[in-house]
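# Results of the structural survey
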Amino acid sequence: MFHAHFSEGVSHAKIILIGEHSVVYGKPAIALPLSEVKTTVTIEETYNMPSSIKSRYFDGPLVSMPKAMKGLKHLILLILKKNNKQDFPFTMTIKSDLPAERGMGSSAATAIAVTRALYNFFELELTQEDLLALANVSEIDMHGNPSGLDAATSASNQPVWMIRNQELKEIPIHLDGCLLICDSGIKGKTGEAVASVRNLLEKKPLETSDLLNKLEKLTYDARKQLNNNNIVGLGDTFNRAQEQLTKLGVSDTKLNYLIAVSKRLGSLGSKLTGGGRGGCFICLMPSKKVAQKAASVLKREGATQTWIQPLGITVTEEVN
C-alpha cells in the first residue's frame, strides 16, 4: 500500500495543423503537440482532511467539484476506485498555461496530467494505452463523442495522424521554419461550428462534400510536405485549407482580418486551427525572427496571446 508524499504529472497543449471539420466525417487530421505550453498537476498527501482540488476554476473538496468539471471528477474517482485508493486523502493542484476553449486541447491535457500525477502518487504502473483510455473517460463527459486526437497529442512528443476509429499514429516531421500560434481573443465555438457544417451538408450535400474532400486531399499533401521539408508547399496548403474552411462558414471576420495581416508580415501560409468561429490561428513562418516580429504586430492588431513552435524539434516558447 505504498504511495508517495508528493507527485507530479505533466502534459501539454496541442493544435490541429490541418483536417479540422473534415476529420468528423472520417477523413484524416494532423495534430501537433506544443511541448512548452504545459499543464502541470501536483499532488500532496493531506492527513485527516478530505481530498481537495485547487485550480483556476475551483478551489475546494473533491466531492464538491462543479458540474463544469464533472469529467475530471469522474476520472479522479474512477482511478481511486479502480486501484482501491479511496482512503488516501490528498490535495491536487492543477496549473495550466493553456487558454480554455481555444482549440488547444485544454481538457484533454488536464486529464492526461491528472492521470499521470495520480499514478505517480500511488506508485502504480501506467501504460500509454491505459493513460489514453482513462483520459477518454473525462473527455466523453466533457465532449460527448471525442475523437481521441486531443488526448493522444497531449500525451505525445510527435505530430499525430488520425483517421477517426481507424488510425492513430505518430508521424515524422522534418521541417525548417516555425509555427506562430495566435489567440484571436474570441472564445472558439466548436459545437456551434460543427453543427453548422452538418447543417450545410444536409442543405447542400454536393458542394459541402466537395469542400470536405478538398480538405482531405490537402491533409495528405501536408503529411508529405512535413516529411520532405517542403515549407513553401505547406504554406500554400495552409492557405488553401483556410479557403475551404471559410467556404464551410467556420472562419469569422476577426480571424480573416488577422490571417490577412499575418501574410503581409511574412507568413508563408495561415489558417484557423480547431473548431473556428474564433479561437486560434496558425501561421507558417520562415524563421523565428520573422515570427517574433509578426507576433508583436499581431498583438497590436488584436491577437491576445502568441506562441512560437519550431517545427524540426518540438520546443515552444511564449512570446511576450
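Under an unreviewed UniProt entry, the name given to the chain is Mevalonate kinase, and the source organism is Liquorilactobacillus hordei DSM 19519. If you open the UniProt record of the chain and go to Pathway (unreviewed entry), you find "Isoprenoid biosynthesis; isopentenyl diphosphate biosynthesis via mevalonate pathway; isopentenyl diphosphate from (R)-mevalonate: step 1/3."

## Describing the overall build of the chain
For the chain, the helix and strand inventory stands at 9 helices and 12 strands. Its C-alpha radius of gyration of 20 Å places the chain within 12% of the 20 Å reference for a compact globule of 320 residues. Oriented by its inertia axes, the alpha-carbon framework of the chain measures out at about 60 × 45 × 35 Å. For the chain, with 320 residues in total, the buried portion stands at 54%. Within the chain, counting contacts between residues at least 6 apart in sequence, those at least 24 apart form 72% of the total.

## Here we look at the domain arrangement of the chain
Often, the extent of an interface is quoted as the loss of accessible area upon association of its parts. Per the domain assignment, the segments making up the chain are domain 1 (6-170) and domain 2 (178-310). The straight-line distance from the C-alpha centre of domain 1 to that of domain 2 is 25 Å. The partner domain 2 presents 39 residues to the 25 residues of domain 1 that form the contact. At the boundary of domain 1 with domain 2, total buried surface from both sides reaches about 2600 Å², with 66% on carbon and sulfur atoms. Among the residues of domain 1 in contact with domain 2, I18, H21 and R102 are the three that bury the most area, contributing 26% of the side total. Connecting domain 1 to domain 2 are 2 salt bridges. Our enumeration of links across domain 1 and domain 2 arrives at 7 residue pairs in polar contact (both at pLDDT 80 or more).

## Regarding the nonpolar core
Counting residues in each nonpolar core, the largest one holds 56 residues, and the members touching the most others are I15, L17, M104, L179 and L180. There are two domains that each give this core at least three residues, and those are domain 1 (6-170) and domain 2 (178-310). Sequence-distant contacts of L179, that is, excluding residues within four places in its chain, are made with I15, L17, L32, F238, I282, C283, L284, W307, I308, Q309 and L311. Counting 31 residues, the second-largest nonpolar core is a separate cluster that includes I53, I76, M92 and A113.

## Brief notes about the pairing of strand β1 (residues 6-18)
A large share of β1 lies buried, amounting to 10 of its 13 residues. Bridge count for β1 against strand β2 (residues 29-45) is 12 bridges, and the pairing is antiparallel. By the bridge assignment for β2, E8 is matched with T42.

## A closer look at unusual backbone geometry
In this structure, E123 takes a positive phi of about 55° despite not being glycine. Turning to its location among the elements, E123 is positioned in the loop between α2 (106-121) and α3 (128-143).

## Describing α2
Across its 16 residues, α2 extends 22 Å between first and last C-alpha, which sits within 8% of the 22 Å expected from 1.5 Å per residue. Along α2, 14 of the 16 residues are buried, which leaves the element largely enclosed by surrounding structure. A positive phi of about 55° marks E123, the residue just after α2.

## Examining the state of the cysteines
Tallying each qualifying case throughout the model produces 0 disulfides. There is no disulfide at C283, and the cysteine sulfur nearest it, in C182, is 4.5 Å away.

## Remarks on the UniProt feature "domain: GHMP kinase C-terminal" (unreviewed entry) in the chain
Here, UniProt's "domain: GHMP kinase C-terminal" (unreviewed entry) annotation points to residues 223-302. Between the first and last C-alpha atoms of residues 223-302 the distance is 31 Å; the span itself is 59% helix and 14% strand.

## Things to note about the environment of S11
Mapped onto the fold, S11 is located in strand β1. Remark: the alpha-carbon pair of S11 and A151, spanning 140 residues in sequence, is separated by 9.6 Å. What S11 contacts, discounting residues up to four positions off in sequence, is V37, K38, T39, A109, T110, I112, A113, R116 and S154. For S11, the side chain forms a polar contact with the main-chain oxygen of A109, separated by 2.5 Å.

Analysis parameters
Residues numbered from 1 in each chain as written. Predicted model: local features only at pLDDT ≥ 70, side-chain atom pairs only at ≥ 80, totals over all residues. Heavy atoms only, no water. UniProt positions renumbered as here; feature names shortened; annotations may be inferred. Helix = DSSP H or I, 4+ residues; strand = E, 2+ residues; numbered from the N terminus. Rg over C-alpha atoms; globule rule 2.2 N^0.38 Å. Buried < 20%, exposed > 50% of the residue type's maximum accessible area, 1.4 Å probe, protein only. Contact = heavy atoms within 4.5 Å. Domains from an automatic or database assignment. Buried area = accessible area lost by both parts, 1.4 Å probe. Salt bridge = Lys/Arg side-chain N within 4 Å of Asp/Glu carboxyl O. Polar contact = N/O pair within 3.5 Å; in protein donor to acceptor, adjacent residues only side chain to side chain. Core = buried A, V, L, I, M, F, W, Y, C linked by side-chain atoms within 4.5 Å. Pairing = 2+ DSSP bridges. Expected span 1.5 Å × (residues − 1). Disulfide = S-S within 2.5 Å.

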